[in-house]
Amino acid sequence: HSFGELSALYSAGWMDEAAFLKLSAARGKHMAHASLQDGDTGSMLAVKAPLEKIRSLIHDEKLDLVLANENSPDQGVLSGPTHQIDAAKKICRKHGMTAVKLPVAAAFHSRFVETAAIPFQEDLTQISFSPTAIPVLSNTTGKCYEKTVSEIKATLGNQLLHPVKFVDNLETMVQQGVSVL
């Protein structure tokens, strides 16, 4: 998930190699320079707890954080300002939740990387997409990408700002009959 969405679009033949390499480099460059308004690049915190419990913690403790990665029904990643992540780590421990601060460059998949998303959206205007019969799942929606070029660019362009719905991706695959057997 996350960067893998670009790899999936390329592997499914929706874009050519030159476009994949251009977008990969641009995404990395923009994300490396992402920062919050006060210069804090933000942080992320992996939390081992049911997703609903993590959502409740954000709400009940009035944390300025988002559940940026829904990795499994019992594990998610919070994203936001560093001081809020540090506070969330203490609160999680107080509630008996395992919480590990991740060594990341920014508060990914949240509004806090808008400074990366805006130029990435501009980069997408120069890219051609040609959807194939191979479906590609969106981390943002948890569903398959729409096949219109404008929808592809809108979904991919906003992916940096929105939480990764990996659990929803897996549920969509199961609904479509995907298995490892």
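Note that the coordinates shown come from a computational prediction; the quantities given were computed from them, not determined experimentally.

With respect to the packing of helix H1 (residues 4-11) against helix H2 (residues 17-32)
Two numbers describe how H1 lies on H2: the axes approach to 10 Å, and their chain directions differ by 175°. Classed by the angle they form, the pair H1 and H2 counts as roughly antiparallel. Contact residues: Leu6, Ser7 and Tyr10 in H1; Glu17, Phe20, Leu23, Ser24 and Arg27 in H2. Taken together, the residues of the contact of H1 with H2 sort by class into 4 nonpolar, 2 polar and 2 charged.

Notes on the pattern of salt bridges
Summed over all chains, the structure comprises 5 salt bridges. Salt-bridge contacts for Glu70 lead to Arg55; the nearest nitrogen and oxygen are separated by 3.1 Å. Taken together, the positions of Glu70 in strand S2 (residues 66-72) and Arg55 in helix H3 (residues 51-60) put the pair 15 residues apart, joining distant regions of the chain. In this structure Glu70 comes out as buried when scored by relative accessible area, which is 6%. For Arg55, a relative accessible area of 32% translates into the label partly exposed.

A short note on the nonpolar core
Among the nonpolar cores identified, the biggest contains 29 residues, and Met15, Leu23, Phe129 and Leu156 are the most heavily contacted of them. Within the residue set of this core, elements represented by two or more residues are H1, H2, strand S1 (43-48), helix H5 (114-124) and helix H6 (149-158). Contacts of Met15, omitting those with residues within four sequence positions, involve Leu6, Leu9, Tyr10, Phe20, Leu23, Ser128 and Phe129. Counting residues in each nonpolar core, the second largest holds 18 residues, with Leu63, Leu78, Ile91 and Val167 among its members.

A look at empty space enclosed by the protein
Per the stated rule, a full pass over the model turns up 1 cavity of 30 Å³ or more. Estimated volume of the largest cavity: approximately 30 Å³. Along the walls of the largest cavity sit Ser2, Phe3, Glu5, Leu6, Arg27, Phe120, Leu156, Gln159 and Leu160, which together make up its complete lining. Looking at the lining of the largest cavity, its residues break down into 5 nonpolar, 2 polar and 2 charged.

Here's the deal with the pairing of strand S3 (residues 75-80)
Among the 6 residues that make up S3, 6 are buried, leaving the element largely enclosed by the rest of the structure. Along S3, one buried face is formed by Gln75, Val77 and Ser79 and the opposite face, lined by Gly76, Leu78 and Gly80, is buried too. In terms of strand pairing, S1 meets S3 through 6 bridges, oriented antiparallel. Bridge pairing in S3 links Ser43 to Gly80. Where S2 and S3 come together, 5 bridges link them in antiparallel fashion. Looking at S3, one finds that Ser72 is bridged to Gln75. Between S2 and S3, which pair antiparallel in sequence order, lie 2 residues.

Some details on the side chain of His109
Residue position: His109 is located in the loop between strand S4 (98-102) and H5. A polar side-chain atom of His109 sits 3.0 Å from the main-chain carbonyl oxygen of His162.

Thoughts on the side chain of Gln75
Here Gln75 is to be found in strand S3. On the basis of relative accessibility, which here comes to 19%, the residue Gln75 falls in the buried class. Apart from residues no more than four positions distant in its own chain, Gln75 is found in contact with Ala46, Val47, Lys48, Ala49, Leu51, Asn69 and Glu70.

Scoring rules and cut-offs
- Residues numbered from 1 in each chain as written.
- Predicted model: local features only at pLDDT ≥ 70, side-chain atom pairs only at ≥ 80, totals over all residues.
- Heavy atoms only, no water.
- Axes fitted to C-alpha atoms, helices over the stretch in contact; angles between N-to-C directions.
- Helix = DSSP H or I, 4+ residues; strand = E, 2+ residues; numbered from the N terminus.
- Parallel < 35°, antiparallel > 145°, perpendicular 65-115°, else oblique.
- Contact = heavy atoms within 4.5 Å.
- Nonpolar A, V, L, I, M, F, W, Y, C, P; charged D, E, K, R; others polar.
- Salt bridge = Lys/Arg side-chain N within 4 Å of Asp/Glu carboxyl O.
- Buried < 20%, exposed > 50% of the residue type's maximum accessible area, 1.4 Å probe, protein only.
- Core = buried A, V, L, I, M, F, W, Y, C linked by side-chain atoms within 4.5 Å.
- 1 Å grid on protein atoms, 1.4 Å probe; cavity = no way out; pocket = protein on both sides within 12 Å on 5 of 7 lines; lining within 4 Å.
- Points joined across faces, edges and corners; volume = space filled by probe spheres on them.
- Pairing = 2+ DSSP bridges.
- Polar contact = N/O pair within 3.5 Å; in protein donor to acceptor, adjacent residues only side chain to side chain.

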